[in-house]
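Breakdown of the fold
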Amino acid sequence: MAPELEVWLFADRIGTLALVEGRLNFRYTPAWLSTARKLQSSPGHGFAGSGVVERIVALIEQRCALTIRRFSEPAANAEDVLTDF
């Protein structure tokens, strides 16, 4: 098993990062995904149905997909991955 690095956002553990077969692999914790979805859809916080929030969510999802693709492709060296942003 590859060593894993715990990823925290303030006081919340949000996932793990590991090097698997030469590729960086990030995995969110189920608890974090559940919390984020509840917050986004909660009418009490004013996020649900907001066009601005929905656009931001779409942009974040696009950026995540791009980042995953970049980290999934083999790089010539580690600097290529780290300086490509």
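Our subject is the structure listed above.
Residues numbered from 1 in each chain as written. Predicted model: local features only at pLDDT ≥ 70, side-chain atom pairs only at ≥ 80, totals over all residues. Heavy atoms only, no water.

**Focus: the layout of surface pockets**
Roughly 600 Å³ of internal volume is contained in the largest pocket. Forming the walls of the largest pocket are 15 residues, and the residues nearest its centre are W32, A36, Q40, V57 and I60. Secondary-structure elements contributing two or more residues to the lining of the largest pocket are helix 1 (30–41) and helix 2 (51–72). Of the residues forming the lining of the largest pocket, the biggest block, 7 residues, is contributed by helix 1. Among the residues forming the lining of the largest pocket, the class breakdown is 11 nonpolar, 2 polar and 2 charged. In this structure, the second largest pocket spans a volume of roughly 370 Å³. Along its surface, the second largest pocket is lined by L17, L24, N25, F26, Y28, R63, C64, T67, I68, F71 and S72. Breaking the lining of the second largest pocket down by element, the ones donating at least two residues are strand 3 (23–28) and helix 2. Per-element tally for the lining of the second largest pocket: the top contributor is helix 2, with 6 residues. (1 Å grid on protein atoms, 1.4 Å probe; cavity = no way out; pocket = protein on both sides within 12 Å on 5 of 7 lines; lining within 4 Å. Points joined across faces, edges and corners; volume = space filled by probe spheres on them. Helix = DSSP H or I, 4+ residues; strand = E, 2+ residues; numbered from the N terminus. Nonpolar A, V, L, I, M, F, W, Y, C, P; charged D, E, K, R; others polar.)

**Re the side chain of T16**
Along the polypeptide, T16 turns up in strand 2 (residues 12–20). Looking at T16, the relative accessible area reads 11%, which means it is buried. Residue contacts for T16: discarding those within four places in its chain leaves E4, L5, V7, N25, F26 and R27. (Buried < 20%, exposed > 50% of the residue type's maximum accessible area, 1.4 Å probe, protein only. Contact = heavy atoms within 4.5 Å.)

**Section: the sheet that holds strand 3**
A sheet is described by the order of its strands in space; here 3 strands give the open sequence 1-2-3, paired in antiparallel fashion. The outermost strands of the open sheet, each flanked by one partner alone, are strand 1 (4–9) and strand 3. Across the sheet, the mean angle separating the axes of adjacent strands is 25° when strand polarity is ignored. Pairing of strand 2 with strand 3, which is carried by 6 bridges, proceeds in the antiparallel orientation. Bridging from a neighbouring strand, G15 pairs with Y28 of strand 3. (Pairing = 2+ DSSP bridges. Axes fitted to C-alpha atoms, helices over the stretch in contact; angles between N-to-C directions.)

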